[in-house]
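Letter by letter, the chains look like this.
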Amino acid sequence: MKKTILIAAALLLGAAAHALPRKSYTLASPDRRLQTTVTAAEVLTYDIVRDGRTLLEASPLAMTLDNGVVWGVAPRITKASRTSVDRWIASPLYRADSIRENYNTLTLRMKGDWSVEFRAYDDGVAYRFVSHARKPFHVVNECVEYRFPADFQTTVPYVTAGTDGNFDSQFYHSFENIYTEAPLSQMNPGRLAFLPLVVDAGQGVKLCLSESDLCDYPGLYLRNADGGTALTGMFAPCPERLEQGGHNQLQMVVRTRKGHIAEVAAPRSFPWRMAVVGSDAQLAASNLSYLLAAPSKIDDTSWIRPGKVAWEWWNDWNLAGVDFRTGVNNATYKYYIDFAAANGIEYVILDEGWAVNLQADLMQVVPEIDLHELVEYGAARNVGIILWAGYYAFDRDMERVCRHYAEMGVKGFKVDFMDRDDQQMTAFNHRAAATAAKYRLLIDFHGTHKPAGLNRTWPNVLNFEGVHGLEQLKWRPASHDQVKYDTQLPFIRQVAGPMDYTQGAMINATRQNYRPSNSEPMSQGTRCHQLGLYIVLDSPLNMLCDSPTNYLKEMECTRFIAGIPTVWDETRILAGEIGEYIVTARRKGSTWYIGGITDWTPRDLKIDLSFLGGTRTAELFRDGVNADRKASDYRREELRLDTARPFEVHLAPGGGFTLKVEAE
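Given the structure is predicted, the values throughout are model-derived calculations rather than measurements.

**With respect to the UniProt feature "domain: Glycosyl-hydrolase 97 C-terminal oligomerisation" (unreviewed entry) in the protein**
- UniProt tags residues 567–660 as "domain: Glycosyl-hydrolase 97 C-terminal oligomerisation" (unreviewed entry).
- Secondary structure across residues 567–660 comprises 0% helix and 61% strand; the distance between its end C-alpha atoms is 15 Å.

Below you can see the structure in the form of structure tokens.
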């Protein structure tokens, strides 16, 4: 409240006789098409202009400290400096092996031991606060505001937990929501939206709003507070009193919160506020979240092994044709290990159930599981074991758990049910990544927020949930539209980094035939839609979610998806529109994989593949002629591809395709 009053007062006094001198600085992107003007007067503001058109009007930025000082109100600039960067950075375990980093920067050093830094890239603008203070302080609040010049259309993921208007109740959720489309003025003022989200500025230009380098600081939420055309930031205050509870006693539930959002003990930089700007395809191609993150804290990443996982939870440990009772037991997991070994799949996850329930103690293993035996059995077959862990069980004994299971030969942990992004929880994610890295363990974060650059800083964190993935179709009603959501993800959530969507269903349903099922779940859309997701989505640790029983019946598809890489040397977005379709091309070595998916609208695509050059040998999976009635219908073809001519393919409703193109 103090922050709001101070900024409002500063704005109202803008024309007063004692107004501060006005200083403005303009920063342009390397291609000069994008620029921001930073103005220091009664309050610090910035805007975003593209090709001479204002996309974001002058918007205030400020940070209120517990001593009453407000950075950004009546700012006193002591030094302005500019630099330019143009280089290639290594980006292992990502969508490309190296990425061009090209931007111009403006840094304003202020009286009072703080700075603000702006960067302008060809595809976006970002800023962050930097503290130079050596004495500890608390951040009471941060003013983040986006003032748009018109009532632009938005695509936002609302928090569905809690009650309207009670924002404290909305800070506890799993970050797995679908998108709502509405003009800015019609956004629900009582609902928080988490990031990333998209604002359509018209004329083929969109802004994807997100943040990066999120460490030891709460995540940003946005809301429309007054029915106008501005979005205002909100943050979860620091937890004060917590109680063990939640899912199977594996969570810490916040009962009371403090009067500030962050506690700062030493000089530090704060998270980047980023706006990716461009066409739909440019949003999907953006690497801004990765580029803005802190560089890797792991010097030697050679031990980090990306790959695929034979996963049992989605298919409910459901096997057929075996002579043992399936479930959480060694016989079942040995079967999964054998399946993984036979198909070149690198890992098997033991999901929830291997540790004694309700104890939040990862050292207590259920009697049906002999972990030593399973780890050795897998190692003999070149299959690693990853263990599921509830957040509190992992956090309360992190060092001992990591050391014990690393010594046993376990390869990593899937940590779940954090369900918060206050300062304490974002600090936990980095601490968990660091501790796991110390013991050369992989991490897959579930029940968590967007990556926000963590995958660059700690590359042993191979994947993140924070996505309304395929697991939702175990219980979502027939009215749910997962196929449309699939065609929104690459332009919104994926801008923030990779995601554990858990695709690979072999039981596929049309819109009319889909129904939720826990033990024999199905996907919405066609078989080729599922195959296409392995290329369209970024996922360095990628699941084969279905039962080995179903995969063994569909070996043509199984061999194909098991052979698709999970990290890449190059990625290109060839075409796409948010919520309609996307076509993505990825290269590993000399082999290209091209995949596409559509919403429920059938499409005939003509795809320019001239960048491949010459005539190539290709393997095509496409929707069958009856895929609109029977979603599992598909055709596999081998063909000679003349890349001088557009490649034509038909996508059924909810359909997709994949094309594997070999070098000559």
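**A closer look at the pattern of salt bridges**
- As enumerated under the stated definition, the model contains 41 salt bridges in all.
- Here Asp51 ties to Arg50 by a salt bridge, and the two come within 3.9 Å at their closest N and O atoms.
- In this structure, Arg257 and Asp422 form a salt bridge, with 3.4 Å as the shortest nitrogen-oxygen distance. Taken together, the residues Arg257 in strand S19 (residues 251–257) and Asp422 in the loop between strand S26 (412–416) and helix H9 (423–438) connect sequence positions 165 residues apart. With respect to burial, Arg257 and Asp422 carry one shared label: buried.
- The network of salt bridges with shared partners includes Glu117, Arg119, Arg128 and Asp213.

**Topic: the environment of Thr180**
- Here Thr180 is to be found in strand S12 (residues 180–183).
- Setting aside residues up to four positions removed in sequence, Thr180 forms contacts with Thr154, Thr155, Val156 and Tyr158.

**Digging into helix H8 (residues 398–408)**
- Considered for burial, the residues of H8 that qualify are Met398, Val401, Cys402, Tyr405 and Met408. The buried side chains of H8 occupy one side of the element, clustering within an arc of 130° when seen end-on.
- For H8, the elements touching its buried residues are helix H6 (371–379), strand S25 (384–390), helix H7 (391–396), S26 and H9.
- Once H8 finishes, Gly409 follows within two positions and takes phi at roughly 110°, a positive value.

**A short note on the sheet that holds strand S39 (residues 656–662)**
- As summarised here, the arrangement of the six strands in space is S32-S33-S34-S39-S36-S37, forming an open sheet in which the pairing is antiparallel. Edge positions in the sheet fall to strand S32 (570–577) and strand S37 (634–642), since each of these pairs with one other strand and no more. Each neighbouring strand pair of the sheet contributes to a mean axis angle of 15°, computed without reference to strand direction.
- Examined bridge by bridge, strand S36 (residues 615–623) and S37 share nine bridges and lie antiparallel to one another. Residue pairing in the sheet places Glu619 in a bridge with Glu638 of S37.
- Helix H12 (residues 527–536) rests against strand S33 (581–588), strand S34 (591–598), S36, S37 and S39 of the sheet, and its axis sits at about 125° to S34.

**Some remarks on the sheet that holds strand S28 (residues 461–464)**
- The strand order S28-S27-S26-S25-S24-S23-S31 describes an open sheet built from seven strands, whose pairing is parallel. The open sheet is flanked by S28 and strand S31 (541–544), the only strands paired with a single partner. Across the sheet, the mean angle separating the axes of adjacent strands is 30° when strand polarity is ignored.
- The pairing of strand S23 (residues 307–310) with S31 spans four bridges and is classified as parallel. Paired with Gly307 across the bridge in S31 is Leu541.
- The strands touched by H9 within the sheet are S26, strand S27 (442–445) and S28, with S27 carrying the most contacts at an inclination of about 155°.

Scoring rules and cut-offs
Residues numbered from 1 in each chain as written. Predicted model: local features only at pLDDT ≥ 70, side-chain atom pairs only at ≥ 80, totals over all residues. Heavy atoms only, no water. UniProt positions renumbered as here; feature names shortened; annotations may be inferred. Helix = DSSP H or I, 4+ residues; strand = E, 2+ residues; numbered from the N terminus. Salt bridge = Lys/Arg side-chain N within 4 Å of Asp/Glu carboxyl O. Buried < 20%, exposed > 50% of the residue type's maximum accessible area, 1.4 Å probe, protein only. Contact = heavy atoms within 4.5 Å. Arc of directions from axis to C-beta. Pairing = 2+ DSSP bridges. Axes fitted to C-alpha atoms, helices over the stretch in contact; angles between N-to-C directions.

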